[in-house]
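Each chain, letter by letter, is given below.
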Amino acid sequence: MADADLLISGGLILTLDEKDTAIEDGSLVISGDAIADIGPRSLLEKRWHARDVLDARGCLVMPGLVNAHTHAAMTCFRGIADDMDLMEWLNNYIFPAEAKNVDPEFVYWGTLLACAEMIRSGTTTFSDMYIFEDETARACSDAGMRSILGEVLFDFPSPNFKTPDEGLAYTERLIRKWSDHPLVRIMVEPHALYTCSEEILLRSKGLADRYGLRYAVHLLENRQETRQLQAKFGKKAVTFLRDIGFLTDRFFAFHCVCLDEDDIAMLADGGCGAVHVPESNMKLASGCAPVSKMISAGIPVGLGTDGCASNNNLDMFGEMDSAAKLEKVERLDPTLMSARTVLRMATCQGARVLGMDGQVGRLEKGMKADVIVLNLNKPHLTPLYNAHSQLVYAASGADVETTVINGRIVMKNRRILTFDENEAMSRVSAIALRVKRSLSS
């Protein structure tokens, strides 16, 4: 018998591979940070001797979820400015609150709290854009959480830098510092076309090109932005990006609510990706992105929660449910955005958008061991006819009992093992008192 570190044994395994292989009474073997074997329990228990065995009978075993767009530290701003228009929300509340409150402590503890929420609800990888991202990376490393992140870049000062030059230099330091970390990756993230000049966009892409990294922006989030950018550039936003050479297979965009058919064709021709953020878009009344059209055009589309100031949670199971239903009602077609499609957006397609295809998002031999285990012995999960449908339309993050990231059990029996989540909640609650005082000053 071969030795392994962990054997997850006896559950229904959804691999989410190209054939949608499902294994009843299956086992998954983890050695180091990778999946060493997967198959029927009766065979694998004869092949492998594991240091640790996790009994998954009565459970569903699947890849960890991929949150392809969020602002993790904004857990500290959860609920500060709800029920308003995007630009009012951003310019009159969020930007001023950030200027007064965001510092390294805010970002570290806000991110650690976000990691607790994501780990508890089955997310094992997330993509982040925020300020003081070295602290975000440090929190992810301490939590054992996989991430790809970038410092948000503006034309104007942020709490972390005074000039775009300083922001780009900070990003390059992040690239070098975290280049060999097993869990943390860096990307380049100019905020949006309405907050960044052409020069900053081109310099951001140049930095990403130099290191072969992903780069991303918020794009066409609502109609007001669409009109604003048309006036700014004298042409459509996606046409502008194409004309400056921005559309490549390392570029992806968040939101994409107001894309038309020509925009979709240009993104597809460039090999670009997109991230759908349905609950934030609904809450801010930004609109419904043409997701099914993007997918039909061959654009890889991931799924994200956005930050807690505009969602207000990080539960990807809820996001899947919203994504499936919103597209159906918007297009008046119940066949669009099937449960299978949405589940893959939250796993393997999200991994593809982030440049992690072949590493996470599926359960296959040789891939990183990012795995979640859900308890099926629940009234709302009984009976089980179709696992994809059950996960998208019935399950919630609270059904996740065990979370494994990079071969390490980070949550078992709903208890986080890598850090003290109560301390994170206490620290963020203390930060919130300071935020509340700043809002009334």
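Everything that follows concerns the structure shown earlier in this document.
Residues numbered from 1 in each chain as written. Predicted model: local features only at pLDDT ≥ 70, side-chain atom pairs only at ≥ 80, totals over all residues. Heavy atoms only, no water.

All right, on to the sheet that holds strand β13 (residues 273-276) then. An order of β11-β12-β13-β14 is seen for the 4 strands of this open sheet, with the pairing classed as parallel. Of all strands in the sheet, those with a lone pairing partner are β11 (215-219) and β14 (301-303), marking the two edges. Put simply, the sheet's adjacent strands are angled 25° from each other on average, direction ignored. In this structure, strand β12 (residues 251-255) lies alongside β13, joined through 3 bridges in parallel fashion. Considered in β13, the bridge of F252 is made with G273. (Pairing = 2+ DSSP bridges. Helix = DSSP H or I, 4+ residues; strand = E, 2+ residues; numbered from the N terminus. Axes fitted to C-alpha atoms, helices over the stretch in contact; angles between N-to-C directions.)

Here A2 shows up in strand β1 (residues 2-14). Looking at A2, the relative accessible area reads 32%, which means it is partly exposed. Beyond its immediate chain neighbours, meaning those up to four positions away, A2 contacts R47, W48 and H49. (Buried < 20%, exposed > 50% of the residue type's maximum accessible area, 1.4 Å probe, protein only. Contact = heavy atoms within 4.5 Å.)

The subject of this paragraph is helix α16 (residues 421-439). Between its terminal C-alpha atoms α16 stretches 27 Å, which fits the 27 Å expected from 19 residues at 1.5 Å a residue. Buried residues of α16: E421, A424, V428, I431, V435 and S438, and no others. One side of α16 carries all its buried residues, which in axial view fall inside an arc of 90°. Counted as exposed and oriented over 90 degrees from the buried face of α16: N422, L433, K436 and R437. Looking at the buried residues of α16, the elements they touch are α2 (86-101), α3 (104-120) and β18 (415-416). (Expected span 1.5 Å × (residues − 1). Arc of directions from axis to C-beta.)

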